[in-house]
Each structure stands twice: as C-alpha cells, then as structure tokens.
Amino acid sequence: MNPVEVRIESAPSSTPPRPRASWHLRANAIVVGWLGLTVAVAPLGDVLPAPRWLLIHVFLLGAVSTAILIWSEHFAVALLRTRNPSRTGSLARLALLNAATLAILYGVAAGPWQLAATGAGVVVAVVLWHAYVLVALLRRALPGRFGHVIGWYVSAAGALAAGGVLGGLLAAHTVGGAAHERMHAAHAEVNLLGWVGLTVLGTLFTLWPTVLRTRMPDRTRRASRIGLRLAAPGLAVATTGLLAGWRWAALAGLAAYAAGTAAALAPLAEAVRRRRPHTGAAWTMGAAVVWFEVALVANLVVVATTPPAEVTAALDPLLPLVLAGFVAQVLLGSLLHLLPAVLGGGPVRFKENAALLERGWTVRLAAFNLGVPLLALPVPTPVRLLGWALVLAPAAAFVALAVLALTRSRYAAGTSDSGPAGTSDSGPAGTTRVAPMEGARVRPAGGRRPEGSRPALAGVVVGVLLTAAAVVLSVTGSGGEQAATVTATGARTVEVTLSGMSVRPSRIDAAPGTVLTLRVTNADAQRHDLRLATGERTPLLARGESATLTLAPLSEAVDGWCTVAGHRAAGMTMRIVPAGAAGTGAHSGHGTSGETATAGPARLDLSAPMSPGWTPYDAALEPAPGGTAHDVEIRVDDQVVREVAPGVRQRVWTFDGTVPGPVLRGKVGDTFTVTFVNGGTTGHGIDFHAGANAPDDVMRTIQPGERLTYRFRADHAGAWLYHCSTMPMTQHIANGMYGAVIIDPPGLPAVDREYLLVQGELHLGEPGSDAQVVKIREGRPDGWMFNGTAAGYDHAPLTAKAGERVRIWAVAAGPSSGTALHVVGAPFDTVYKEGAYRLRAADAGGAQVLDLAPAQGGFAELVFPEPGTYPVVDHTMRQAEGGAHGLFEVGAR
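Sequence order sets the numbering: in each chain, residues are counted from 1 along the sequence as written. Owing to the predicted nature of the model, reporting of local features is limited to residues with pLDDT of at least 70; listing and counting of side-chain atom pairs is limited to 80 or more, with chain, interface and lining totals taken over all residues. Side-chain calculation: all heavy atoms of the structure are included, whereas hydrogens and water are not.

## Remarks on the overall build of the chain
Then, in step 1: Numbering of helices and strands starts at the N terminus; helices are DSSP runs of H or I of at least 4 residues and strands are runs of E of at least 2. Looking only at helices and strands, the chain features 20 helices and 31 strands.
Then, in step 2: For each residue, the accessible area found with a 1.4 Å probe, counting protein chains only, is set against the maximum for its type, and the residue is called buried under 20%, exposed over 50%, and partly exposed in between. Buried residues in the chain amount to 56% of all 893 residues.
Then, in step 3: We call two residues in contact when some of their heavy atoms are within 4.5 Å. The contacts in the chain between residues at least 6 apart in sequence include a share of 75% that link residues at least 24 apart.
Then, in step 4: Under the convention used here, a 1.4 Å probe and the Shrake-Rupley method define accessible areas, while residue burial counts only the protein chains that appear. Surface exposure of the chain reaches about 34700 Å², of which carbon and sulfur atoms provide 60%.

## Focus: a nonpolar patch on the surface
Then, in step 1: Grouping into patches uses exposed residues only, defined as over 30% relative accessible area, and leaves out salt-bridged ones; the cut-off is 9 Å for like charges and 5 Å for nonpolar side chains (Val, Leu, Ile, Met, Phe, Trp, Tyr). We define a salt bridge as a contact between a side-chain nitrogen of Lys or Arg and a carboxyl oxygen of Asp or Glu at a distance within 4 Å. A surface patch of nonpolar side chains, amounting to about 330 Å² of accessible area, comprises Leu96, Trp129 and Tyr132.
Then, in step 2: On the basis of relative accessibility, which here comes to 38%, the residue Leu96 falls in the partly exposed class.

## Examining the sheet that holds strand S21 (residues 753-762)
Then, in step 1: Ordered in space as S22-S21-S24-S29-S26-S27, the 6 strands form an open sheet in which the pairing is mixed. Of all strands in the sheet, those with a lone pairing partner are strand S22 (783-786) and strand S27 (836-839), marking the two edges. Across the sheet, the mean angle from the axis of one strand to that of its neighbour is 25°, orientation sign disregarded. Pairing between strands requires that DSSP locate at least two bridges from one strand to the other. Working convention: axes come from line fits to C-alpha atoms, limited for helices to the stretch in contact. Angles between N-to-C directions cover 0 to 180 degrees.

## Considering the packing of aromatic side chains
Then, in step 1: Geometry of aromatic contacts follows a simple scheme: Phe, Tyr and Trp rings, the Trp one being its six-membered ring, pair when their centres are within 6.5 Å, and the pair is stacked under 30 degrees between planes, edge-to-face over 60, tilted otherwise. Counted according to the given criterion, the structure contains 17 aromatic pairs.
Then, in step 2: Within the aromatic cluster, the residues linked to one another by ring pairs are Phe655, Phe672, Phe676, Phe688, Tyr710, Phe712 and Tyr722.
Then, in step 3: The criterion for a charge sitting over a ring is simple: Lys NZ or Arg CZ within 6 Å of the ring centre, and within 35 degrees of the ring normal. Taking NZ or CZ as reference, Arg247 lies 5.9 Å from the ring centre of Trp248, over its face.

## What about the packing of helix H11 (residues 319-343) against helix H12 (residues 346-357)?
Then, in step 1: Two elements in contact, H11 and H12, have axes separated by 9 Å at closest approach and are oriented at 150°. The handedness of the crossing between H11 and H12 is right-handed. From H11, Leu335, Leu336, Leu339, Pro340, Ala341 and Leu343 reach across to H12, where they touch Phe350, Asn353, Ala354 and Leu357.
Then, in step 2: Here the residues of the contact of H11 with H12 are counted per class, giving 9 nonpolar, 1 polar and no charged. Crossing handedness is read from the near helix: turned anticlockwise from the far helix by less than a right angle, it gives a left-handed crossing, and turned clockwise, a right-handed one. Classification used: nonpolar for Ala, Val, Leu, Ile, Met, Phe, Trp, Tyr, Cys and Pro, charged for Asp, Glu, Lys and Arg, polar for all others including Gly.

## Things to note about helix H3 (residues 87-110)
Then, in step 1: Multiplying one less than the number of residues by 1.5 Å gives the expected span of a helix. Its 24 residues place the ends of H3 34 Å apart at the C-alpha level, agreeing with the 34 Å of an ideal helix rising 1.5 Å per residue.
Then, in step 2: Whenever two N or O atoms come within 3.5 Å, that pair is a polar contact, provided that in protein one can donate a hydrogen and the other can accept it, and provided that, for residues adjacent in sequence, both atoms are side-chain atoms. Sitting at the amino-terminal end of H3 is Ser86, which places a side-chain oxygen 3.3 Å from the backbone nitrogen of Thr88.

## Observations concerning the sheet that holds strand S16 (residues 671-678)
Then, in step 1: Strand order across the open sheet formed by 4 strands is S14-S13-S16-S18, with mixed pairing between neighbours. The open sheet has two free edges, formed respectively by strand S14 (648-655) and strand S18 (707-713), since each of these has just one partner strand. Neighbouring strand axes in the sheet, compared pairwise and without regard to direction, differ in orientation by 25° on average.
Then, in step 2: Looking at chain direction, strand S13 (residues 629-645) and S14 are connected through 7 bridges and run antiparallel.

## Digging into the pattern of salt bridges
Then, in step 1: This structure, assessed with the given rule, holds 23 salt bridges.
Then, in step 2: One salt bridge connects Asp559 with Arg575, and the closest N-O pair in it is separated by 2.6 Å. Of the two residues, Asp559 sits in strand S11 (residues 558-561) while Arg575 sits in strand S12 (residues 573-578), which places them 16 residues apart along the sequence.
Then, in step 3: On the accessibility criterion, Arg575 (19% relative accessible area) is buried.
Then, in step 4: The closest approach of N and O atoms between Arg780 and Glu778, which form a salt bridge, is 2.7 Å.
Then, in step 5: The exposure class assigned to Glu778 is exposed, which follows from its relative accessible area of 51%.
Then, in step 6: Each of Arg665, Asp744, Glu754, Arg805, Arg807, Asp829 and Glu861 takes part in one network of salt bridges that share partners.

## Examining the pairing of S21
Then, in step 1: Burial analysis of S21 places 9 of its 10 residues in the buried class, which makes it a mostly covered element.
Then, in step 2: One ladder, built from 8 bridges, connects S21 with strand S24 (residues 805-814); its direction is parallel. Residue Gln759 lies in a different strand from S24, and its bridge partner there is Ala812.
Then, in step 3: As paired strands, S21 and S22 are joined by 4 bridges and run antiparallel to one another. Across the sheet, Glu761 pairs through a bridge with Trp784, a residue of S22.

## Observations concerning the pairing of S13
Then, in step 1: As paired elements, S13 and S16 share 8 bridges and run parallel to each other. Within S16, the position partnered with Ala629 by the bridge is Thr671.
Then, in step 2: Hairpin geometry of S13 and S14 is characterised by an intervening segment of 2 residues between the two adjacent antiparallel strands and by a positive phi of about 75° at Gly647.

## Here we look at the nonpolar core
Then, in step 1: Counting residues in hydrophobic clusters, the biggest one holds 138 residues, and the most contacted among them are Leu35, Phe59, Tyr257 and Phe398.
Then, in step 2: Element by element, the count of residues in this core is highest for helix H2 (residues 51-80), at 20 residues.
Then, in step 3: Setting aside its immediate chain neighbours within four residues, Leu35 contacts Phe59, Ala63, Leu331, Leu332, Leu335, Phe398 and Val399.
Then, in step 4: Counting residues in each nonpolar core, the second largest holds 31 residues, with Tyr755, Ile808, Ala860 and Phe864 among its members. Residues belong to one nonpolar core when they are buried, are Ala, Val, Leu, Ile, Met, Phe, Trp, Tyr or Cys, and are joined through side-chain atoms within 4.5 Å.

## What to know about the side chain of Arg807
Then, in step 1: Assignment of secondary structure puts Arg807 in strand S24.
Then, in step 2: A polar side-chain atom of Arg807 sits 2.7 Å from the main-chain carbonyl oxygen of Pro749.

## Considering unusual backbone geometry
For residues that are not glycine, phi is negative in most cases, and the peptide bond is trans in most cases.
Then, in step 1: The omega torsion across Val659 and Pro660 is 0°, close enough to zero to call that bond cis.
Then, in step 2: For the bond running from Met727 to Pro728, omega is -5°, close enough to zero to count as cis.
Then, in step 3: One can find Pro728 in the loop between strand S19 (718-723) and helix H17 (729-734).
Then, in step 4: Of note, Arg81 is a non-glycine position whose phi angle comes to about 55°, a positive value.
Then, in step 5: Judged by relative accessible area, Arg81 falls into the partly exposed class, the value being 47%.

## Comments concerning the packing of helix H4 (residues 113-140) against helix H5 (residues 148-171)
Then, in step 1: Relative orientation of the contacting elements H4 and H5 amounts to 165°, with a least axis distance of 8 Å. Here H4 lies roughly antiparallel to H5, going by the angle between them. For the element pair H4 and H5, the recorded crossing hand is left-handed. Contacts from Trp113, Ala116, Ala117, Ala120, Val123, Val124, Val127, Leu128, Ala131, Leu134, Val135 and Leu138 of H4 reach H5 at Ile150, Tyr153, Val154, Ala157, Leu160, Ala161, Gly164, Val165, Gly168 and Ala171.
Then, in step 2: Class assignment of the residues belonging to the contact of H4 with H5 gives a composition of 20 nonpolar, 2 polar and no charged. Here the angle decides the label: under 35 degrees means roughly parallel, over 145 means roughly antiparallel, 65 to 115 means roughly perpendicular, and every other value means oblique.

## Section: the environment of Cys724
Then, in step 1: Along the chain, the position of Cys724 falls in the loop between S19 and H17.
Then, in step 2: The exposure class of Cys724 is buried, given its relative accessible area of 0%.
Then, in step 3: Expressed as a C-alpha distance, the spacing of Cys724 and Trp653, which sit 71 residues apart in the sequence, is 9.8 Å.
Then, in step 4: Beyond its immediate sequence surroundings of up to four residues, Cys724 is in contact with Phe655, His684, Gly685, Ile686, Met729, His732 and Met737.

## Observations regarding the confidence of the model for the chain
Then, in step 1: As a per-residue measure, pLDDT reflects the predictor's confidence and takes values from 0 up to 100. Taken as a whole, the chain shows an average pLDDT of 82; of its residues, 84% reach a score of 70 or greater.
Then, in step 2: Here residues 1-21 scores under 50 on pLDDT; set against residues more than four positions off or in separate chains, the count is 72 contacts.

## Structural notes on the environment of Ala309
Then, in step 1: By the element assignment, Ala309 lies in the loop between helix H9 (280-305) and helix H10 (311-315).
Then, in step 2: Counting along the chain gives 128 residues from Ala309 to Glu181, while the straight-line C-alpha distance between them is 5.1 Å.
Then, in step 3: Here Ala309 is in contact with Ala178, Glu181 and Arg182, once residues within four sequence places are set aside.

Below, the structure written as structure tokens:
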C-alpha cells in the first residue's frame, strides 16, 4: 500500500456555492464556552460547592465531551467518505449532552442527587446513540483505508457508557466505604483512559500526520487494529478489577492497555521521524502525548502498589498530568489546527485565523508545561498557585483568541467557506485531500458579521454569568455577611469524626467568644474533608488521617460540610451555635422536648451512643394468650418525652406511654373489648383496622378525661394497624399514635423466636408546630424508626441462634411511607402479607423483601445460616439510612 498523506485544504475558488453549515461554528463555540467556564471556575476554588469535582466535570463533561461528540462524527464522515448523518439527530445529541451535563453539575453540587443520576442516564443514552450512528456510517460506507478508526470511537463510547453508569451510582450514594472508593477509581479510569484516551488515540492516526503535513505511515492500519485489540479489552479488565478489588487483574488490564497504547503510538513516532513538529498545534499535541505516557506509567505503578480501595487517593497527584498535561493540551492543540478550517473564509482568512490562534504559542506552551508539574508535585502553596497561573493563563489566552477569531470571521468575495472535514476528493498520487464540508457557500465581501460568531460570544457570556451566579449563591448560602469582631473569652478543643455520611458531633454549642479548635479525623473508608462557612477547611483526608482547624472567636452560627461531590447533600453537615442562639434541626448531643425544628429535614447522628438509661421497645412477641375474649384498657398520654434517635429526645403522643402502643394478639374469631381513655391534653380517638365497625361511635374523638368502649371481633387473620382516628390523622400518627394487632392465621406453626417491627416516620419538632406540620404535609420526614427509635436496634440488637427459625412480623404505620423489610445475608423462605401466604417454606423459591404499603402488615420467616451480625433494614435505602435499620446478633446454637 502506498503511503497516504491526509491534509486539510481550502477548496479552490471554483468550488460551486453551497449553503454554509453554520451549526459547526455554533457547536465549536459551545466548546470554547465550556473552556472559558473551566478557566473561570478554576480560581474560584473554595467559593464553589464541591470545587474540585466541579472543575473536573465542567472541563471533562462540558468542553471535552462536547468536542469529542462533534469531531468524532465529523472525522468518521470524512474518513469513510459517506454522507452526513441526520443534522437534526446531531443537534439533538449535542443538546441532550449539554443539558445532561448541566443537570449533573447542579445535581451533584447543589442537589437533589436524583437530578444528577438522571443526567448521567441521559449521557449514557446519548453516547450509545452516538455509537450507533458511527456503526451505521461504517456499514453503509464503501471499503476504505480508514474504517479502523471507527472501532476506537465506538469503544470509547462504550467506555463512557460504563463510566456514566458508575457516575450515576456514585451520585445516588448506592455504596459506601471501600466499595465507594473502588467504584470511584473505576469511574475515573474508564472515563479518562476510555472515553478520552481511546478517542484521542483513534483520532491521532490521521490527525497527527495532517498536523505535521507529512505522509501517514503504511503500517498505521495494522498498528491501529493491534492497539485496539489490546487497549479496549485491557481497559475492561482493569475496570472490573478495580470494582471487584482484584488488584492484579486491574494491573494486568492496565498493562494490556499500555501495550495497546504503545502499538498505536508507534506509527505516530515514525511520522515525527519524517518531519519534526513545526507549529503550535503540533508541539501542543506532542506535549500532550508525552504527558499521557508519563501518567500511564505512573498509573501502572500506583495500581501495582496500592490496594484498590486506596487507588483513587493515590492517583490524586496524577490528575494534573492527565487533565492538564494530556487532555487539555490535546484539546487545545486540536482546536488550534481545526478551528481555522471551521471559520472558513478561503485561504487568506484560513491563514489569518491560524496565525491569530497561534500567536505567542511558544511562550504559552512553555508556561503551560512548566505549570503542570507544579500542580502535581508536593510543593508549597505559593508555588502551587504559580502552577495554576502558568496553566490557566495560556488557556485563558487561547479562549480569548478563539473568541476574537470567531467574532471577526468574514466571508471574502468569491471564496468558499470551509467547514470541518466532511467530504474527500482525490488529490495527488498517494494523498487524500479533505475538501470543505457540505454546506459551504460564497458570501460577498463586506457582508454582515456571520451568525456563527454570536454563539461564541453567547457561550462565553453565559458561562461567566453562570459562574457569577454560582459564586453569589455559594457566598450567600455559606454564612452571609462577615461576622463582627468578638473578643476571645476562652478556648475549647472538640474532637470531630467524619464517618458514615455524617459529621459527629453534628452540632457544637459554645459560649460566644470561644476560640474553638476542631481536631478532625476521618474514620471512614471513603475520603472526606470538612469546610466551614468562615473559610477554614481541612485537606481531603484518607482513612485514619486527621487535621486541625482553629476558628476565630465565635460570634454567630457557623455551618460546616464535606465538599466531596454529593456528600453535603447526603447529610455530611455540622453546625456550630453560640450558646443561647436559636439552632436548627436536631441535636446530636443533648436534645430537649421543646426543640424547634426547621421546615427541612434535620441530620441525625445515628452512630452516636444512646443516652444513659435508654431502654429499647421490646420487639419480642409473646404467643397469643388463651381464651377467645380479651379485655384491654388503652390510655392516651401525649406528654411523654422519649429518645427518638441517638441523643435526640422530644415529646411524642402515645398509647400507654410507648411508641408503638401495646400489642394486641389473638386468633381468628376472638373478641376484643377495649376501654379507651383519653388521658391527654387534646382530643383523640382510636381506629382498629382488625375490626368491622361503623366508625361513627367507636372511632369518634373524645376529649381529655373521657372514655369509650370499642368492641370488635377479629374475623380475619393478619398483622393489623391501629391508630388515632382524630383529624388530621397525619399529625397524630406521625407523632407516635399507632400500634399493632396480630391475629394468627389458622394452623400457624410454632417457631423458635418471633419479633414485631412497626415502622413509623420521625418528624422532629414540637408536635403540632408549624414547622413540623409543613414536613408532615410535604412528606419530608427527618428519619424513620423501628418501634419508636431510629437505629435503636443498632444499639440494642435483636438476638437469635444459628439454625433457629425466626418469624418477623411487620406493620407499616406511615403515615405516608411504607417499607421493604430485608435482612442482609438471610433470604426469607416464608412470606405472609395482608392475610395470605405469598411464599411457604416448602416452596422452591425465596424472597428478598416483605414489601408493605402504609397501613399494611404481614410476616416473613428465615433461618440464620451461621453465627454473625445480620442487619435488618428497610431496603428503601433512603429510609434505611434515615434510621430504619437494626441488627440481629446471631450466636452459635
């Protein structure tokens, strides 16, 4: 095969007029806008929420992914010599990608996480659609020399699809601890080495000789195929190894990827031997490839010497090498070469724009590459700041020059406007000339400023406005006006622990003027930090690491939070309050019955110890008593103060002083006579779902001091709810007025142990207060409880022995949320729900959850296979993390 030269040329003046494809200008203006926003976000640092994460994803998701989506499609069309795909589809993919990027950025930085997860799903859908279009182009094209490049683009799209799924799971906080760190490492590797790395390698086969203006080596196609067969599977193995915690599998996969990269770069090195780089674009892209190789070798060393759960932290120093040294420079170098062709205007305008964009490129290149190692090395802060300046200044200069080129773009008379490579014409022997994109046309001299420049300006302006808005929102939401000067009155040191998506203590009360020293320790497998609204912050702490923060004399409330993406939204917050100041939410230490709740959910410190003297609700269920008639008295007490979560006490409304109220148990056909006494301070009633009665009399509201008799016959088996019948029922139920009636199904076999779990919502605050009522009406509990205490059975585990059959009765009290009861490590073999068996022990199947809507009940049975600690949770994970979880301590039989 003859060597092939690929070069972009302006069309001769005889090219027939074609309609101008202004969407290319708009599309690349979006890339320039994202680059401008990246430059603007970088120096803001601590002002923005999740600053490090935000900077990385504004750049990678915004600028880089948009550029890849645009140019990989254009290069595919040019290299395959096929017609353009649907312009509507291309624009739709571009619009969806950018909308999803904005959703992810806002969802992670400010919440809710569902918005970020949805955005990640849209990104995955867009990139798979993009891959489908590329494959369709390849199938309809005639056989050619450049089809091998499409395989790199499709593999890269698959990598981003995998990375997007992992990113969505990370945003949703589906895993924690070491598993979270492994997933984070896999997410970073598959996106950087896959979506970016594979795309760049595939593009350089043709773009690099074009930039050097030399022939493409004849062994390029073979090197491409070998490289892809090594790199793509290697990346898949490395990602799987990191996710599963298999270090040597991850290392083997990365070694295969590195070997594939070496094979792919071999013809590029041969092209350099033929002609050395001589333009700013060539030198910038060459420097990017060098940094990529350095980072890849360092990556191999890190994975070989670091446990998978610690890879993310160990790779931190490499991020500047990859993001700035490799990704940023390959993007800037490509745009240096390609933007003049996009701007068009004929050969003269092409040369003018090329000269403009490369103005001062030697100084910019030297400064940028001097700054990269200063960001990666452990240097003093002033030197690091110098590194930022050296990197950001050339990037900002390019953005400014690109905007200038876009705004001054004109169309010369009698000259066609060249777009990006789109159709190919036959050139001299052994060469391929990439002619203008379909859609070029002649514009007379002196014509209006092209519309393509306006999106560039708009993109930059919008980026700056978005950044300014983020700054304003962050500042106004992070402490407001600067505190007045206060004289120090004393000093105090507080131990602060970061663990389990919480900050302990979550509230610190101190006298005004106190100089607080916070000794912050990360006890979690995930990395965390602590940032205060007054500006103090720790570095990112690995497990077991500590840092100390010293505050100015305390004058007003100070908020604190973890800046890791999504952690603040997940509840990693704290508040320092001057003694006597009004607090918000729940106390992590000593609460009071009169505590005022805010309209938003508070953060509970569920891992804190229970207060001395606390006793759990007895979940052990006694067998049904003998006889068929049962006389019971139930008395209202709405002045009870209980510990509803670790260290949090508040007033609750109760039946017989407990939440839930007393358990009634019997058999089908039994009669219950209940004397209901209102010993409270307001009107209450009672409603037994197990009975069939007209509600007019027995369920009426009675006033304090009154009583009524409620008689019902239990004609149906099941686990039944009873609750206060006084309106508004949401408030009465939410404040604790509920209980359970257990009616045994006929022939119910005996088991070794029986427990009852009644799940209810926890709404902090004074019962009936405006703030609490808002949360109840809007369905925003502060937590969820088994038997009246959030996480109570974490601190007082239920017990069993291996091999015993255990029956767990459950009732969902609501008032607005149900449950999906699940025991980790022990499937159910029997499930009874709402009066009927759904699964029996003799059946071949098993069950994962007992799912109950509000007011439903049932039971599930299981046998613990071996001694150990088995969590019991509501598998609606938000509710489990909010307190609907406990433990079974299972001993040897």
